[in-house]
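# A closer look at the structure
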Amino acid sequence: YSEAASEHLALGQYDQAMKQYKKIVIHARETIENLPQHESAPAIKYHQYLIIADTLNNIGVMHEMQGEYDFGLQACQEALDIYKEAAEDIESGNEQEENEYLENVKRTTGNIAQMRNGKLSSKERTRLHVV
């Protein structure tokens, strides 16, 4: 679904991209809900959380591309919340997972900052034209 969503996004087919993104999130959440109890469950759960958070981050960027800053901010904030939840399942001492987590949080917080700036800039442009 991810490749299809990216293709739709690149073509400006936002509704189609959103449908694919929603399928990704639903599938990952169902995987988490149906995890059997065994030693690899935390690792699987962690990676499914990353899929959900990455997808929400992509949804946020898609909204930003459309000038829908509030929706973009909401999606990226939800992604951050899920990254935090995923952090609980990082294998202790797994440097690769820790670095991946930090990069994801850094990218998403950067997107949030960019959207806030875009939102402020958009309001300022509107104010200048309304005066």
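So, here's what we can say about the structure. (Residues numbered from 1 in each chain as written. Predicted model: local features only at pLDDT ≥ 70, side-chain atom pairs only at ≥ 80, totals over all residues. Heavy atoms only, no water.)

We now examine the layout of surface pockets. In this structure, the largest pocket occupies an estimated 170 Å³ of space. Contributing to the lining of the largest pocket are Met18, Tyr21, Lys22, Val25, Leu56, Ile59, His63, Phe71, Gln74, Ala75 and Glu78. Mapped by element, the contributors of at least two residues to the lining of the largest pocket are helix H2 (14-33), helix H3 (41-65) and helix H4 (69-87). Taken together, the residues of the lining of the largest pocket sort by class into seven nonpolar, two polar and two charged. (1 Å grid on protein atoms, 1.4 Å probe; cavity = no way out; pocket = protein on both sides within 12 Å on 5 of 7 lines; lining within 4 Å. Points joined across faces, edges and corners; volume = space filled by probe spheres on them. Helix = DSSP H or I, 4+ residues; strand = E, 2+ residues; numbered from the N terminus. Nonpolar A, V, L, I, M, F, W, Y, C, P; charged D, E, K, R; others polar.)

Tyr21, Ile52 and Tyr83 are the most contacted members of the largest nonpolar core, which has 30 residues in total. With nine residues, the single largest contributor to this core is H4. Dropping the residues within four chain positions of it, Ile52 is found in contact with Val25, Ala28, Arg29, Ile32 and Ile82. (Core = buried A, V, L, I, M, F, W, Y, C linked by side-chain atoms within 4.5 Å. Buried < 20%, exposed > 50% of the residue type's maximum accessible area, 1.4 Å probe, protein only. Contact = heavy atoms within 4.5 Å.)

Before going further, it helps to examine helix H1 (residues 2-10). If you check which residues of H1 are buried, you get Ala5, His8 and Leu9. Here the buried residues of H1 occupy an arc of 100 degrees about the axis, which is enough to place them on one side. Away from its buried face, by an angle of more than 90 degrees, H1 presents the exposed residues Glu3, Glu7 and Ala10. Once H1 finishes, Gly12 follows within two positions and takes phi at roughly 75 degrees, a positive value. (Arc of directions from axis to C-beta.)

As for its placement among the helices and strands, Asn94 is situated in the loop between H4 and helix H5 (95-130). A distance of 3.0 Å separates a polar side-chain atom of Asn94 from the backbone nitrogen of Glu97. (Polar contact = N/O pair within 3.5 Å; in protein donor to acceptor, adjacent residues only side chain to side chain.)

A few words now on the environment of Ile26. As for its placement among the helices and strands, Ile26 is situated in helix H2. For the pair Ile26 and Gln114, spaced 88 residues apart in sequence, the C-alpha to C-alpha distance is 27 Å.

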